[in-house]
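Per-entry structural report
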Amino acid sequence: MKFDFIYLDRVDSTNAYAQRLLKESLAGEGTIIRAGEGTVVRAADQASGRGQGENSWHSQAGMNLTFSLILEPLFIPPEKLFSLNKAVALAVLNTVRNALPGDLPASIKWPNDIYAADHKIAGILIEHTLIGSSVKNSIIGIGININQLEFPASLPNPVSLKQLTGNDYDIREMLDKVCRNLENEYSRLRNHEFQSIDADYNSKLYGSGRDLEFTTGGSSFTGRIQGVDDIGRLCVLTADGGLKMFNHGEIWINEKLLKKSL
Ligand code: BTN
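Residues numbered from 1 in each chain as written. Predicted model: local features only at pLDDT ≥ 70, side-chain atom pairs only at ≥ 80, totals over all residues. Heavy atoms only, no water.

Taken as a whole and assessed by the stated rule, the structure comprises six aromatic pairs. Taking 4.8 Å as the distance between ring centres and 50° as the angle between the ring planes, the aromatic pair formed by Y115 and Y206 counts as tilted. Remark: Y206 occurs in the loop between α5 (194–203) and β8 (212–216) and Y115 occurs in strand β5 (residues 113–116); sequence separation between them is 91 residues. Y115 gets classed as buried once you look at its relative accessible area, which sits at 4%. Assessed through its relative accessible area of 6%, Y206 is described here as buried. Taken together through their ring pairs, the aromatic side chains of F214, F221 and F246 make up a single cluster. Directly above the aromatic system of F5 lies the positively charged group of R172, at a separation of 5.2 Å from the ring centroid. It is K244 that lies over the ring of F221; its NZ or CZ is 5.5 Å from the centre. (Phe/Tyr/Trp six-rings, centres within 6.5 Å; stacked < 30°, edge-to-face > 60°. Helix = DSSP H or I, 4+ residues; strand = E, 2+ residues; numbered from the N terminus. Buried < 20%, exposed > 50% of the residue type's maximum accessible area, 1.4 Å probe, protein only. Lys NZ or Arg CZ within 6 Å of the ring centre and 35° of its normal.)

What follows is the structure in structure tokens.
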């Protein structure tokens, strides 16, 4: 893939900027940019960084990596579109893992948060433009906490690479690394390696392989994560042997109990 990098000091949100580029194929100061597959918008600072759902994304100016990549994954069958989330999560996870010592655990918290040492170190926001049920383009928004040392107390459990290792990281280098990993995972998708992507993603899910306490619809139950299906639902084996599928926002893992069991 040929990457075209656009670097901005400050923007509302790199996802929103990428969306405008796709609509207008125009950037300021008279330069015409034809945005498409491989366009990367990185900003040092986002005035209104967006998170999943109604959430915002906090990142101290100049301390972290916040960027959006435009893809045109027209080759992915609509019913397999969630495999793009899985591939992106694997790419970000590998980038984080390679930046940390091998004994620090990192994993994917369903659907696509990246956790390191039980804290959220990166978030992913994927926005598709569809024609009917087929995808026309996707904006892959990625935020990785890199050098920030203090986070607002209101955030549930953030962490940065520097908090975990004490080292300073070169943000530009981290961007190169994550782009290389994204390219690798994307070519697996191009080759329709859906099963091996599924297997990799499932094997790296936070909390998998042990009994967990879940909360759904106001009540709690014990179960084991079995994996995530093609449309992104979490599949949980309950204590009575039944398999249950949950959409994002329908179920929560009791993280306090999970940490105690680690
Ligand atoms: C989440 O975990 O809630 C998703 C966070 C995604 C944040 C990134 S930062 C770069 C890109 N631009 C945005 O406005 N959001 C994404």
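Read on, since the account is not over.
Moving on, we get to the packing of helix α2 (residues 82–99) against α5. Where α2 contacts α5, the two axes come as close as 10 Å, and the packing angle between them is 55°. The pairing of α2 with α5 is recorded here as oblique in orientation. Between α2 and α5 the crossing geometry is left-handed. Here α2 contributes F82, S83, K86, A87, A89 and L90 to the contact with α5, which in turn contributes F194, I197, D198, D200 and Y201. (Axes fitted to C-alpha atoms, helices over the stretch in contact; angles between N-to-C directions. Parallel < 35°, antiparallel > 145°, perpendicular 65-115°, else oblique. Left-handed = near helix turned anticlockwise from the far one by under 90°. Contact = heavy atoms within 4.5 Å.)

Take D170: it is sitting in the loop between α3 (161–165) and α4 (171–190). Judged by its relative accessible area of 42%, D170 is partly exposed. Residues D170 and T215 lie 45 residues apart in sequence; the distance between their C-alpha atoms is 40 Å. Side-chain polar atoms of D170 contact the backbone nitrogen of R172, separated by 3.0 Å. (Polar contact = N/O pair within 3.5 Å; in protein donor to acceptor, adjacent residues only side chain to side chain.)

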